[in-house]
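# Summary of the model geometry
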Amino acid sequence: MKNRIYMKFILAYLLFGVLSFIAVATLTSDLTLNHLKEKKAESLYKVGNIIVSKYAAGFYKGELPTDNFHNHLEAMGAYLSSTIWIVDSEGKIIISSEEHTDLENPTVIHNFDPTISGSSYYQTGNFYGMFHENMLSVMNPITSNYKIKGYLIILTPVSEIVASKDRILNITYYTLAVIFLLSTIIMIAFTFMVYVPIRKITTAANEYAHGNLKYELDIQKEDEIGYLANTLNYMSSELSKSEEYQKKFIANISHDFRSPLTSIKGYIEAIIDGTIPPEMQEKYLNIILFETERLSKLTSSLLTLNDFNTKGGMLEISNFDINSVIKKTASTFEGTCTSKKISIELILTGHHLYVAADMSKIQQVLYNLIDNAIKFSHNNSIIYVETTEKNGKIFVSVKDTGIGIPKDSLKKIWDRFYKTDLSRGKDKKGTGLGLSIVREIVQAHGENINVISTEGVGSEFLFTLPLSKSLSGDI
Ligand code: ADP
């Protein structure tokens, strides 16, 4: 099964080579021989016509002596590498280019029949048994006063025509061998450049399909195959990352669920078996309530993230006034702000500032950022929420003067479940999911979010939104 197509291809290629040689040896050989015979006969016939019109007529009229005529025929015969005969109607050879004619005892061609060749002006064979080898013969009638006086016959060995056909065929064989050699080189190059890499890719795809995502595909090429190999390598590394990520994600969720559940279980058991006396129960029930809230917050955050993963961040884009959404979101924190003596200062550009975005999701972004700013701010401080317009973009900034984020944590805060060591004491309810939700939402809009923070000084989160093209918003 493994190399089937390739083996078929090689077999087809070899078969093609062998058949090409056979075709040249048979068909081409026959066609060439016939062609050469025709050409030879044609040229001999023309020469024959010239001899007939130039000498034979004179010979029969008695104007050209026999010896003279013989000399002419001898010269022509040598030039044409052929035998030339003058034969009368009964088949007697009157003059031959080969030998001096014995007019008393001329050689007779038995059963001589000048009509035998029919419409063809040449024939091959041993010429009425006169030769031991195959001869090509051309016959020109010699006429005088509208009567046939005799025939001029030119005979040439077929073996000479075969020899020149073989010379032509040899050239064809050499050419074919060179073509075959070149195509073999091309095929070997093709094998190494295309077939071998494709086999490697198939093996890799097989490994990935069987779950071996660590399999490394080693193809260093710049062409389409190299691109495909790089894509596969990238795919496998992403898949293995996501596999690791899934494991880490589940471990984090399990951990975050287990600790509140263990404390809830412990306190409830202690209340039931009386370890906690009734007068102390309220305190522990409050702890249970706190842990339950944490679990419910964790669950709803996970649901939001899951929603994003399954729906692929589908957004309901509308035109709305971001200033008014900021005001509304900030007002929901009034209670917390009062208790922490924190004020939220809004520095908003224009009366209305329309953006094209998913309003409820942007509200969630603002909620998470302002919630963090309050959580990580000291009492009696100010939080600034600012909007600015620049180059067709709206910049929204949420800035606090709280605990700040350590430098080495700045990149990690966007990861799911990540919390800085600094913040753990300040926010026990935190899930570490808020900022990953924020980033997913902003990126789903095709926008950016950044953070500038100095430990102990404060943090600023800045994200962009597209300015609405139509000024008439939905709000
Ligand atoms: P959490 O629910 O824990 O707030 P987030 O994903 O919103 O989760 O934030 C992740 C971590 O980033 C927080 O635990 C905190 O350590 C840090 N962080 C976020 N916002 C701020 C901020 N404004 N000031 C200081 N630290 C912050």
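Predicted model only: the values in this text are computed from it and were never measured.

What follows deals with the overall build of the protein. Scanning the protein from terminus to terminus reveals 10 helices and 12 strands. Relative to the 2.2 N^0.38 estimate, which gives 23 Å for 475 residues, the radius of gyration of the protein is 53 Å and therefore markedly larger than a compact globule would have. Oriented by its inertia axes, the alpha-carbon framework of the protein measures out at about 160 × 60 × 35 Å. The buried share of the protein, reckoned over its 475 residues, is 38%. Accessible area of the protein: about 28,200 Å², with a carbon and sulfur share of 58%. Computed over 47 positive and 51 negative side-chain charges, the inter-centroid distance for the protein is 7 Å.

This part takes up the domain arrangement of the protein. Along its sequence, the protein is carved into domain 1 (4-164), domain 2 (224-310) and domain 3 (317-466). Domain 2 and domain 3 are separated by 24 Å when their C-alpha centres are compared. In this complex, domain 2 contributes 16 residues to the contact, which on the side of domain 3 involves 17 residues. With both sides pooled, the region where domain 2 packs onto domain 3 buries about 1,500 Å², and carbon together with sulfur makes up 68% of that total. Here domain 2 and domain 3 share zero salt bridges between them.

Here the focus is the site of the ligand. In the neighbourhood of the ligand, 20 residues make up the surrounding shell, with Asn372, Lys375, Thr420, Ser423 and Leu435 lying closest. Residue Asn372 places a side-chain N or O atom 2.8 Å away from an oxygen atom belonging to the ligand. Between the ligand and the protein, one listed contact pairs an oxygen atom with a side-chain N or O atom of Thr420 at 2.8 Å. For the shell around the ligand, the elements supplying multiple residues, two or more each, are α8 (359-375), α10 (434-444) and β12 (458-466). A class-by-class count of the residues in the shell around the ligand yields seven nonpolar, nine polar and four charged.

Our next topic: the pattern of salt bridges. Side chains that carry opposite charge are capable of pairing whenever their charged atoms lie near each other. Tallying each qualifying case throughout the model produces 10 salt bridges. Between Glu238 and Lys241 there is a salt bridge; the shortest N-O distance is 3.1 Å. Taken together, the residues span about one helical turn, with Glu238 and Lys241 both in helix α4 (residues 224-272) at a distance of three residues. Relative accessible area serves as the criterion here: at 29%, Glu238 is assigned to the partly exposed category. We note a salt bridge from Asp358 to Lys361, for which the minimum N-O separation is 3.7 Å.

Now for the sheet that holds strand β1 (residues 83-87). Pairing between sheet strands relies on hydrogen bonds along the backbone, with the strands arranged either parallel or antiparallel. Judged by pairing direction, the sheet is antiparallel, and its five strands sit side by side in the order β2-β1-β5-β4-β3 without closing on themselves. Both outer strands of the open sheet, β2 (93-96) and β3 (122-125), are each paired with one neighbouring strand and no more. Strand-to-strand, the axes of this sheet are offset by a mean angle of 30°, without reference to chain direction. Bridge analysis of β1 against strand β5 (residues 147-157) gives five bridges, and the strand direction is antiparallel. Residue pairing in the sheet places Thr83 in a bridge with Leu155 of β5.

Calculation notes
- Residues numbered from 1 in each chain as written.
- Predicted model: local features only at pLDDT ≥ 70, side-chain atom pairs only at ≥ 80, totals over all residues.
- Heavy atoms only, no water.
- Helix = DSSP H or I, 4+ residues; strand = E, 2+ residues; numbered from the N terminus.
- Rg over C-alpha atoms; globule rule 2.2 N^0.38 Å.
- Buried < 20%, exposed > 50% of the residue type's maximum accessible area, 1.4 Å probe, protein only.
- Areas by Shrake-Rupley, 256 points an atom, 1.4 Å probe, with all protein chains shown as cover.
- Lys, Arg positive; Asp, Glu negative; His and termini not counted.
- Charge placed at Lys NZ, Arg CZ, Asp CG, Glu CD.
- Domains from an automatic or database assignment.
- Contact = heavy atoms within 4.5 Å.
- Buried area = accessible area lost by both parts, 1.4 Å probe.
- Salt bridge = Lys/Arg side-chain N within 4 Å of Asp/Glu carboxyl O.
- Near = heavy atom within 4 Å.
- Polar contact = N/O pair within 3.5 Å; in protein donor to acceptor, adjacent residues only side chain to side chain.
- Nonpolar A, V, L, I, M, F, W, Y, C, P; charged D, E, K, R; others polar.
- Pairing = 2+ DSSP bridges.
- Axes fitted to C-alpha atoms, helices over the stretch in contact; angles between N-to-C directions.

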